[in-house]
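Geometric and topological summary
Here is what each chain is made of, one letter per residue.
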Amino acid sequence: HHPIFRKIKRISLKEEINYIEFNWEKTGKFSEDILLDLVSHCISMCIELIGIPKKKIVLNKKGIVSKCDIISIKLLFPNKITRLININRCSAIKKKNIKIFTEKNNYQWDENSFYKFNSKKLEYEKILDSKKSPLILECNEFVDLIKKKRFNDSDARNSIQVMQILDQIRGKMT
């Protein structure tokens with residue numbers, strides 16, 4: 001629902017994604033399951049962009065306040081694309097960053113800004129800035145679907161796939 005994610009989806013149709021790395025730092029919610037609360041968002045984006053990972057590896061997990069507050073997960077896909085997910089909910093800073101490398105370009109999504117690496121200038125240039133709240137966009141889309149009496153079954157299918165992957169990851173955490 002986020003305008004930057006929509007932009008990434010359009011890019012992925014033109015440029016094959018070779019690598020994605022999710023880095024999310026924040027403080028709390030320690031009463032929530034880290035997989036359901038945070039990792040699920042990263043998995044959902046991976047499914048939409050690439051598909052279902054064939055292998056899930058828990059690289060690191062650490063409990064500070066709860067059973068698991070820091071986790072690193074490596075996802076391997078059939079086309080040898082790697083996805084890394086690093087989440088730390090015991091951080092003093094709040095930061096969300098996604099690095100995306102395609103066959104042609106490098107991109108970074110920092111909070112509500114999206115950057116593309118300019119190889120001539122050797123620096124990242126901002127290509128999109130979003131002021132829209134993803135939650136408000138999602139709620140508006142949901143209300144529109146209800147008004148039109150339509151059901152988006154791809155969201156339901158994605159949710160089921162995310163839950164199956166999270167269950168597999170949970171099984172590797174013990």
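Looking at helix 1 (residues 3-14)
Helical geometry note: an α-helix holds 3.6 residues per turn, so side chains three or four residues apart project in the same direction. Here helix 1 contains twelve residues, and its C-alpha end-to-end distance of 17 Å stays within 8% of the 16 Å for a straight helix at 1.5 Å per residue. Within the sequence span of helix 1, burial applies to Pro3, Ile4, Phe5, Ile8 and Ile11.

Some points on the packing of helix 1 against helix 2 (residues 34-49)
One can describe the packing of helix 1 onto helix 2 by two numbers: an axis separation of 10 Å at closest approach and a directional angle of 30°. Between helix 1 and helix 2, the interaxial angle falls into the category roughly parallel. Where helix 1 crosses over helix 2, the handedness of that crossing is right-handed. Contacts between helix 1 and helix 2 pair Phe5, Ile8, Lys9 and Ser12 from the former with Met45, Glu48 and Leu49 from the latter.

Notes on the environment of Trp109
Along the chain, Trp109 falls in strand 6 (residues 106-110). Judged by its relative accessible area of 9%, Trp109 is buried. On a C-alpha basis, the gap between Trp109 and Asp37 in space is 20 Å, while along the polypeptide they are 72 residues apart. For Trp109, the residues in contact, after removing those within four places along its chain, are His2, Ile4, Phe5, Ile8, Met45, Lys96, Asn97, Ile98 and Phe114.

Here's the deal with the packing of aromatic side chains
Inspection of the entire model under this criterion finds three aromatic pairs. Centre to centre, the rings of Tyr19 and Phe101 are 5.4 Å apart; their planes meet at 15°, and the pair counts as stacked. Placement of Tyr19 in strand 1 (residues 17-27) and of Phe101 in strand 5 (residues 90-102) is noted, with a sequence separation of 82 residues between them. Look at Tyr19 and you get buried, because its relative accessible area is 19%. For Phe101, a relative accessible area of 28% corresponds to the partly exposed category. Both rings, one in Tyr107 and one in Phe114, keep their centres 5.5 Å apart while their planes meet at 5°; by these two values the pair is stacked. Just as Tyr107 is buried, Phe114 falls in that class too. Just above the ring of Phe77 sits the side chain of Arg83; from NZ or CZ to the centre is 5.0 Å. Across the ring face of Trp24, the terminal group of Lys96 is positioned such that the distance to the ring centre comes to 3.9 Å.

Analysis parameters
Residues numbered from 1 in each chain as written. Predicted model: local features only at pLDDT ≥ 70, side-chain atom pairs only at ≥ 80, totals over all residues. Heavy atoms only, no water. Helix = DSSP H or I, 4+ residues; strand = E, 2+ residues; numbered from the N terminus. Expected span 1.5 Å × (residues − 1). Buried < 20%, exposed > 50% of the residue type's maximum accessible area, 1.4 Å probe, protein only. Axes fitted to C-alpha atoms, helices over the stretch in contact; angles between N-to-C directions. Parallel < 35°, antiparallel > 145°, perpendicular 65-115°, else oblique. Left-handed = near helix turned anticlockwise from the far one by under 90°. Contact = heavy atoms within 4.5 Å. Phe/Tyr/Trp six-rings, centres within 6.5 Å; stacked < 30°, edge-to-face > 60°. Lys NZ or Arg CZ within 6 Å of the ring centre and 35° of its normal.

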